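Coordinates in review
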Amino acid sequence: MPLALLALAVGAFGIGTTEFVMMGLLPDVADDLHISIPGAGHLVSAYALGVVIGAPLLAAVTARISRRKVLIGLMVLFVAGNALSAFAPDYHWLLAARFLSGLPHGAFFGVGAVVATGLVAPERKARAVSLMFLGLTVANIAGVPVATLMGQNLGWRSTFLGVSVIGLAAIVSLALLLPHDGAHAPAAGLRGELAALRSLPVWLALGTTVAGFGALFSAYSYITPMLTDSAGYADSSVTLLLALFGVGATIGNLLGGRLADRSMRRTLFGGLISLAVVLALFPVLMTTAWSAAVAVVLLGTAAFVTSSPLLLMVMEKASSAPSLASSANQAAFNLANAGGAWIGGLALAAGFSVTSPAVVGAGLAVLGLGVAAVAYVVDRRRVLTSTGAGRVVASHVPRVVGESVRR
């Protein structure tokens, strides 16, 4: 695997850290800025909104620019957003800075995925994507816990300064390691990029992402009360257990990359089925401390097995606009984050048990499996139709040619 993938992983590490660290800093930010916890929670939503808006927008408007330059520019914007977060004088400035920090997130992963797959042989594309995403999953193991401790002991502003330094390291890595040649976007233009998203298979692939990762976030958004109220863990143990989720996500990400290079569709189906089973077993697994720890690891593994095949499927279906399509997949991922948390919260608000969001998540995983199955049927029909048309044409050519010869 080329060393340039390391540069992409460094950027992914910084993005993953800043995305998830705010959850652990909400009380500190709320106390310092004299706002409520729900008000501080809007800072998480502002980042997600930035991802959803920025992912397709930035990928589309930079369609004609060298992908190397685009990636470096996106990391510059990322550093600026986090630096502004560190020096934000009040809540509203911090809200705007978090939105700005989220803008380059999806486009970086989208364009980065296209660059990563272009650096390797076709049979290694999924593994290349998984190595880029390795930075994101490792961030949940090391980046987020360390950044959270830094914020709790040195002040939350120090966390965003630290993330800015990671972003600067990513800029240097990208400038040094990404090749100048072979990293340029096709001259399709904005209209061509947008036209590629009109395909039904593209939207079915994006729908699978929303449902599949909505299943994950339906449970993961409420994993802390499950661990404390059901499994009996102390609040102080939750950070370590969330790191276990990162371990599972890293395993699933690497495993999914290897398996998807062999069979993308089977890996996707297998991952969604595994995710549904794990979530359905949560009410049982969360009854003891040891089985709850196992459940957290299995959740990360099952969910992230699907990350590489889902991204590659979207890129494959929109082959004329892979940057925009893969960026749109990141927007779908964040819609899944928000939608899954909302749907899981409905189960709790209705008075069901603390593990009920996981059961709801199992239903979303089954829904994702259904959407993936529909996508498979659509693909098969298109293949059969094109193959049948080819046979009809081929069967008539010899007869016509023969008649022409006889004449």
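Residues numbered from 1 in each chain as written. Predicted model: local features only at pLDDT ≥ 70, side-chain atom pairs only at ≥ 80, totals over all residues. Heavy atoms only, no water.

1. A few points about the overall build of the chain
Scanning the chain from terminus to terminus reveals 16 helices and 0 strands. Relative to all contacts within the chain whose residues are 6 or more apart in sequence, the contacts with residues 24 or more apart total 84%. (Helix = DSSP H or I, 4+ residues; strand = E, 2+ residues; numbered from the N terminus. Contact = heavy atoms within 4.5 Å.)

2. Brief notes about the pattern of salt bridges
By the definition in use, this model includes 3 salt bridges. Taking the shortest distance from any N to any O, the salt bridge between D261 and R127 comes out at 3.0 Å. Of this pair, D261 sits in helix α10 (residues 238-262) while R127 sits in helix α5 (residues 125-154); the two residues are 134 residues apart in sequence, bridging distant segments of the chain. A salt bridge links D379 to R265; the nearest nitrogen and oxygen atoms lie 2.6 Å apart. You can see D379 sitting in helix α16 (residues 356-406) and its partner R265 sitting in helix α11 (residues 264-280), a full 114 residues away along the chain. When its relative accessible area of 12% is taken as the criterion, D379 is described as buried. (Salt bridge = Lys/Arg side-chain N within 4 Å of Asp/Glu carboxyl O. Buried < 20%, exposed > 50% of the residue type's maximum accessible area, 1.4 Å probe, protein only.)

3. Examining the nonpolar core
Counting residues in each nonpolar core, the largest one holds 97 residues, and the members touching the most others are L174, L216, F282 and M286. Not counting chain neighbours up to four residues away, the residues in contact with L174 comprise A7, L8, R68, L71, I72, M75 and F108. Core analysis: the next-biggest nonpolar cluster, separate from the first, contains 16 residues, V21, L43, A88 and A147 among them. (Core = buried A, V, L, I, M, F, W, Y, C linked by side-chain atoms within 4.5 Å.)

4. Considerations on the packing of aromatic side chains
Under the definition given, this model contains 9 aromatic pairs. Ring geometry for W156 against F160: centres 6.1 Å apart, planes inclined by 80°, an arrangement best described as edge-to-face. Taken together, the positions of W156 and F160, both in helix α6 (residues 156-177) and 4 residues apart, correspond to about one turn of that helix. Per residue, the accessibility class of W156 equals that of F160, and both read buried. (Phe/Tyr/Trp six-rings, centres within 6.5 Å; stacked < 30°, edge-to-face > 60°.)

5. What to know about unusual backbone geometry
In this model, H34 sits at a positive phi of 60°, which is unusual for a non-glycine residue. Tracing the sequence through the fold places H34 in the loop between α1 (4-33) and α2 (37-61).

6. Things to note about the packing of helix α3 (residues 67-86) against α6
Following both chains from N to C, one finds α3 and α6 inclined at 165°, their axes separated by 8 Å at the closest point. On the basis of the axis angle, α3 is roughly antiparallel to α6. In terms of crossing hand, the pair formed by α3 and α6 is left-handed. Two secondary-structure elements touch here, α3 through R68, L71, I72, M75, V76, F78, V79, N82, A83, S85 and A86 and α6 through W156, R157, F160, L161, V163, S164, G167, L168, A170, I171, L174 and A175. The residue inventory of the contact of α3 with α6, partitioned by class, reads 17 nonpolar, 4 polar and 2 charged. (Axes fitted to C-alpha atoms, helices over the stretch in contact; angles between N-to-C directions. Parallel < 35°, antiparallel > 145°, perpendicular 65-115°, else oblique. Left-handed = near helix turned anticlockwise from the far one by under 90°. Nonpolar A, V, L, I, M, F, W, Y, C, P; charged D, E, K, R; others polar.)

7. Comments concerning the confidence of the model for the chain
For the chain, per-residue confidence averages 84 on the pLDDT scale, and residues scoring 70 or more make up 90% of the total. Scored below 50 in pLDDT, residues 389-407 shows 0 contacts in the model against residues more than four places distant or in partner chains. (pLDDT = per-residue confidence, 0-100.)

8. Structural notes on the environment of F87
Its place among the elements puts F87 in the loop between α3 and α4 (91-118). Taking the relative accessible area as the measure of exposure, F87 reaches 61% and is therefore exposed. Separated by 10 residues in the primary sequence, F87 and A97 place their C-alpha atoms 9.5 Å from one another. The residues touching F87, leaving out its near neighbours within four places in the chain, are R157 and L161.

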